[in-house]
Structures are given as C-alpha cells and as structure tokens.
Amino acid sequence: PAATGLAVLARLLYGGRVSLVIGFIVEFIALVIGVILGGLAGYFGKWVDQLIMRIVDVFYCIPSTPIIIILGAAMDAMAVDPQIRMLYLMLILGFLGWPSLARLVRGQILSLREQEFMVAPEASGIRVSRRIFRHLVPNVIPQLIVSCTMGIGGTILTEATLSFLGLGVKFPFASWGNIITDVNNTFVLTNYWFIWIPAGFCILLTVLAFNLVGDGLRDAFDPKMKR
C-alpha cells in the first residue's frame, strides 16, 4: 500500500507539472498573438481595425471543441508521438484562445492613444512599433495579467476535459486529466477512488486558486476599489 501510495503521489505531482506547463504555454501563445493584433487594431484604427476585428469575429464563430475532437482523432489514426501530440495541443489551444485578449488590448489602446503622454513620442518621430509596444502596451499589462491569470485556470480545465475524453495528453505523459481517465468503469470508480479523487481535488484547488488570484488582481488594479 505504501508503494502504491508513493506511485500515485509521484504521478499526481508529475501530472500537475504537465497541466500547469500546458496552461502557462497556451496563455503565453494567446497573449503574444492577442497583444500584437490588438495593439495594431487599436493604434491604427480604420480599415486595419475593421480587418482584425472581423478576423476576431471569425475565430469566435469557430466551433473549437469539434475541431479539437477531429484533430485528436486524426492524430490517433496517424499514431502521433505523445510529446509531439502535447505540443500540437498547446499550439491549437493557444491559437484558438487569442481573440478575447486582442479585443481587450484593442479597447484599452483605443482610449490610451488619445492621451497627452502619446504626444511626445509622436512629435519626436519614434517608430510606430515602439509607440505601440513601449508606450501603449505597458499600460494594458494590469488588465492582461488579470485576464491571463483567469485564463490559465480555464486552460487547465479544458486540458483535463480533453484528456478525459482521450484527446489530450497521452501515456507515458501524465496530466491530472488523463489520471482521471483511468476511471473508465464503475468498478474503478468505487474501488480505486484514491487514484481519481486526488487528481480531481488538485484540479479544483488549482483552478479556484487562479480565479481567486485573478479576482484579487482585478480589485488591486481597479482605481475605484482604492477609494
């Protein structure tokens, strides 16, 4: 029993590392794409803004879950290496998750670009990329931190769901989601509760912690809460 407990604990810790790495990398990919496109849309406006926002609308209309299911089935059929599969999973989730961040950045920059502190960079002839990413984007960082903090929790839940459905992380890699996948019948559910309950509890605590941190950061960065 002691050896079994240590094995479950080791897999649980390793699975937590994989789940957290996936959450952070997916949010990083979404953040990079969202900041670049949202910054361009907010700064230039006009047809650039219209074009990027229509692309955002298209991405919002994409049924992400069916697409991931189809891609997961295709990778199963092609017997893709589990490590490459995990990389594809992170790229797909990150590529589908940037529209909300782009809209956030675009909305903030639309208001910031008219502020007085932008007059000096424009008058001094600083190139556009420097104006956007050196003077405007840093003012959006508090909102981005809050959004990404909450997004990491959502990504962990998404990965756990996909892994439970057999579309996410595959053996020999472990994540909290595919640890719960072991509960595939009533016998395992009732007699091997010590395998799936800790993984589910870790998912619950981690997502709750990230959401609480996001709420706390939102309150900390909100000027109205400081009055």
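What comes next concerns the included structure. Every chain is numbered on its own, with residues counted from 1 as its sequence reads. Owing to the predicted nature of the model, reporting of local features is limited to residues with pLDDT of at least 70; listing and counting of side-chain atom pairs is limited to 80 or more, with chain, interface and lining totals taken over all residues. With hydrogens and water excluded, all non-hydrogen atoms of the structure serve as input to the side-chain values.

## Here we look at a nonpolar patch on the surface
Part 1: Grouping into patches uses exposed residues only, defined as over 30% relative accessible area, and leaves out salt-bridged ones; the cut-off is 9 Å for like charges and 5 Å for nonpolar side chains (Val, Leu, Ile, Met, Phe, Trp, Tyr). Only the protein chains shown count as cover for residues, and the accessible areas themselves come from Shrake-Rupley with a 1.4 Å probe. The salt bridge criterion pairs a side-chain nitrogen of Lys or Arg with a carboxyl oxygen of Asp or Glu, the two atoms within 4 Å. A grouping of Phe-28, Val-32, Ile-36 and Phe-133 is seen on the molecular surface, where their side chains present a nonpolar patch of about 350 Å² in accessible area.
Part 2: The dominant element in the nonpolar patch, judged by the number of residues it contributes, is helix α1 (residues 2-44), at three residues.
Part 3: For helices the rule is a DSSP run of H or I covering at least 4 residues; for strands it is a run of E covering at least 2, with both sets numbered from the N terminus onward. Following the sequence through the fold, Phe-133 ends up in helix α7 (residues 128-136).
Part 4: By relative accessible area, which is 36% here, Phe-133 ends up partly exposed. Remark: exposure states derive from per-residue accessible area (1.4 Å probe, protein chains only) relative to the maximum for the residue type, with buried under 20%, exposed over 50%, and partly exposed in between.

## Side note on the nonpolar core
General note: in soluble globular proteins, nonpolar side chains tend to be found buried as a group.
Part 1: In terms of nonpolar packing, the biggest core is built from 21 residues, with Trp-98, Val-105, Ile-109, Val-140 and Leu-144 touching the most fellow members.
Part 2: Breaking this core down by element, the ones donating at least two residues are α1, α2 (46-61), α5 (99-112), α7 and α8 (141-164).
Part 3: In what follows, residue pairs with any heavy atoms lying within 4.5 Å of each other are defined as contacts. Leave out the neighbours within four places in its chain, and Trp-98 touches Ala-30, Ile-33, Gly-34, Leu-37, Ile-55, Val-56 and Phe-59.
Part 4: We define a nonpolar core as any set of buried Ala, Val, Leu, Ile, Met, Phe, Trp, Tyr and Cys residues linked to one another through side-chain atoms lying within 4.5 Å. Listed in part, the 12 residues of the second largest apolar core include Val-26, Met-86, Leu-162 and Val-169.

## Some words on the packing of α5 against α8
Part 1: Contact pair α5 / α8: the axes reach a minimum separation of 11 Å and the direction vectors enclose 165°. It follows from the interaxial angle that α5 and α8 lie roughly antiparallel. The handedness of the crossing between α5 and α8 comes out as right-handed. When α5 is examined against α8, the residues Leu-101, Leu-104, Val-105 and Gln-108 are found in contact with a partner set consisting of Gln-143, Leu-144, Ser-147 and Cys-148.
Part 2: Class assignment for the residues of the contact of α5 with α8 results in five nonpolar, three polar and no charged. Axis angles are defined between N-to-C directions and span 0 to 180 degrees, where every axis is a line fitted to C-alpha atoms and, for a helix, only to the segment in contact. Under this scheme an angle from 65 to 115 degrees is roughly perpendicular, one under 35 degrees roughly parallel, and one over 145 degrees roughly antiparallel; angles in between are oblique. Two helices crossing with the near one rotated counterclockwise from the far one by less than a right angle form a left-handed crossing, whereas a clockwise rotation gives a right-handed crossing. By the convention adopted, Pro, Cys, Tyr, Trp, Phe, Met, Ile, Leu, Val and Ala count as nonpolar, Lys, Arg, Asp and Glu as charged, and the other residues, Gly among them, as polar.

## Side note on the packing of aromatic side chains
Part 1: The aromatic pairing rule takes the rings of Phe, Tyr and Trp, using the six-membered ring of Trp, and pairs them if the centres are within 6.5 Å, calling planes under 30 degrees apart stacked, those over 60 edge-to-face and the rest tilted. Here the structure, examined in full by the defined rule, presents four aromatic pairs.
Part 2: Ring centres 5.3 Å apart and planes at 90° place the aromatic pair Tyr-43 and Phe-44 in the edge-to-face group.
Part 3: On the basis of an interplanar angle of 75° and a centroid distance of 5.3 Å, the ring pair of Phe-59 and Phe-95 is categorised as edge-to-face. Of this pair, Phe-59 sits in helix α2 while Phe-95 sits in helix α4 (residues 82-96); the two residues are 36 residues apart in sequence, bridging distant segments of the chain.
Part 4: Take Phe-59: its relative accessible area is 16%, and that puts it in the buried class.
Part 5: With relative accessibility at 46%, the residue Phe-95 sits in the partly exposed group.
Part 6: Taken together, the ring pairs in this structure connect Phe-59, Phe-95 and Trp-98 into an aromatic cluster.

## Comments concerning the pattern of salt bridges
Part 1: On inspection of all chains with the given rule, the structure shows three salt bridges.
Part 2: Put simply, Asp-49 and Arg-106 hold a salt bridge, and the shortest N to O gap is 2.7 Å. In this pair, Asp-49 is assigned in helix α2 and Arg-106 in helix α5, connecting sequence segments 57 residues apart.
Part 3: We classify Asp-49 as buried; its relative accessible area is 6%.
Part 4: The partner of Arg-103 in a salt bridge is Asp-57, and the shortest N-O contact between them spans 2.6 Å. Taken as a pair, Arg-103 in helix α5 and Asp-57 in helix α2 lie far apart in primary sequence, 46 residues in all.
Part 5: A relative accessible area of 23% places Asp-57 in the partly exposed class.
Part 6: Residues joined in a network through salt bridges with shared partners are Arg-54, Asp-57 and Arg-103.

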